[in-house]
Amino acid sequence: MFTAYRRWRERRILRTQAIPEGLWRESLESLPFLAMYTDSEIARLREKVVLFLNAKSIIGARGHRVTPRQRVVIALQACVLVMNLDLMYYDGWESVVVYPDEFVPGWEWEDDAGVVHTNDERMAGEAIERGPVVLSWADVEASQDWDAAGMNLAIHEFAHKLDMRNGVANGCPPLPPEMAPHIWKRTMMAAYQHFQKRVERGERVAIDPYAAESPAEFFAVLSEVFFVEPQLLRHEYTAVYQQFARFYRQEPAARSELLRDD
Ligand SMILES: [Zn+2]
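What you see is a predicted model, and the numbers here were worked out from it, not measured in a lab.

Reading the values: rules and limits
Residues numbered from 1 in each chain as written. Predicted model: local features only at pLDDT ≥ 70, side-chain atom pairs only at ≥ 80, totals over all residues. Heavy atoms only, no water. Phe/Tyr/Trp six-rings, centres within 6.5 Å; stacked < 30°, edge-to-face > 60°. Helix = DSSP H or I, 4+ residues; strand = E, 2+ residues; numbered from the N terminus. Buried < 20%, exposed > 50% of the residue type's maximum accessible area, 1.4 Å probe, protein only. Donors = N, O, S within 2.8 Å, 3.2 Å for Na, K, Ca; no water. Tetrahedral: all angles 85-135°; square planar, octahedral: opposite > 155°, others 65-115°. Patch = residues over 30% accessible without salt bridge, like charges linked within 9 Å, V, L, I, M, F, W, Y side chains within 5 Å. Areas by Shrake-Rupley, 256 points an atom, 1.4 Å probe, with all protein chains shown as cover. Salt bridge = Lys/Arg side-chain N within 4 Å of Asp/Glu carboxyl O. Lys, Arg positive; Asp, Glu negative; His and termini not counted. Charge placed at Lys NZ, Arg CZ, Asp CG, Glu CD.

Novice: Looking at this structure, how should I read the packing of aromatic side chains?
Specialist: Geometry of an aromatic ring pair is reported as the spacing of the ring centres plus the angle between the planes. According to the stated counting rule, one finds 24 aromatic pairs in the structure shown. On the numbers, 6.4 Å between centres and 65° between planes, the contact of Phe52 with Trp93 is edge-to-face. In this pair, Phe52 is assigned in helix H3 (residues 39-55) and Trp93 in the loop between helix H4 (68-81) and strand E2 (95-99), connecting sequence segments 41 residues apart. Accessibility classification places Phe52 together with Trp93 in one group, the buried group. Between Phe226 and Phe227, the aromatic rings sit 5.0 Å apart at their centres with planes inclined by 90°, giving edge-to-face as the arrangement. The burial state of Phe226 is the same as that of Phe227; both residues are buried.

Novice: Even after reading the chapter, I still don't get the coordination of the zinc ion, so can you show me in this structure?
Specialist: Note on metal sites: the ideal angle is 109.5 degrees for four tetrahedral donors, and 90 or 180 degrees for six octahedral donors. Surrounding the zinc ion are the protein donor atoms His156 (NE2), His160 (NE2), Glu217 (OE) and Glu217 (OE), which sit 2.0 to 2.7 Å from the metal. Coordination at the zinc ion is irregular, judged from the four donor atoms that bind it and the angles of 53 to 141° they form at the metal. Coordination of the zinc ion draws on donor residues from a single chain, spaced H-x3-H-x56-E in sequence. In this pair, His156 and His160 are both assigned in helix H7 (residues 153-163), four residues apart and thus about one turn of the helix distant. Each member of the pair, His156 as well as His160, carries the same accessibility label: buried.

Novice: What exactly am I supposed to notice about a positive patch on the surface here?
Specialist: A grouping of Arg7, Arg9, Arg11, Arg12 and Arg15 is seen on the molecular surface, where their side chains present a positively charged patch. By the secondary structure assignment, Arg11 is in helix H1 (residues 2-16).

Here it is, written out as C-alpha cells:
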C-alpha cells in the first residue's frame, strides 16, 4: 500500500516538475564524466534528479542566487551516487546550502579542558550529520574540470552523507545485505593504511592526498575517483574498487574503457 502510494506520488512529481530539455542538456554537458552512461541510465538519472530536487531545498547563502542550472548540476552529482540505489539513502536531512565561494563554518567545539573553540577555517564544502550539505559554488564549478581540479566537491560531500546514514562519518556506510561488513572494513583499512604510508613517505600519489586524513575522507575521496576516474581507482586499489562496485551497484571502469575505445 505504502509502496503504491509512493509510486503514485513520484509519478505525479515527475509529471509536474519535469526539467526542461535545454536546461537538462546544458547541465549534463557541464559534467563530462556522465558521458559513460547509456541513454536509459541517463533517463533514470533524470527522474532521480527531479525527485531529489522535489525532496530537498537548495538554498543560496551570503547573497548567492542559485540558478536553475546550478540546482540541476548539484542534484545530478548527488544522484549519480544513488543511481542504482534507493533515493531514500538521502532521507533524514532537508537541504543543500550554497555559498558563492569558500565559507567559514563558524561552528563551535569544546576541547577536553572544556574550552570552547570556534572553527574559523575556510572550507569548500561540508556535510553535516542529520543537517545540510554545504557547498561553495566556485568549487563545485571548478570540479567540473577533473583534470585541472583533481577533485569533485559535490560527489565528495554526498558520499559523506551516505557514510553518515549510520551515524558519524567513519568510512563504513551501511552496506546492502549481500555485502559482508568485515570484508568492507578489512579492505578499506588495508588500503587506507597503505595510502597513508605513501603520503607520509612523500610519494607522488595520483589520488588526492587529502584521502590520508581519516577513513571517512578516504571513503569520500575514493568515491570521487570511482565515479570520475574509475580506471585509476581500479588500478591503484582494485579491492576497494570492487567493494565500491558492489556498494554503488555500478561498474564505471568497464564503461569508461569502452568509451575510450570508441
Ligand atoms: Zn570530506
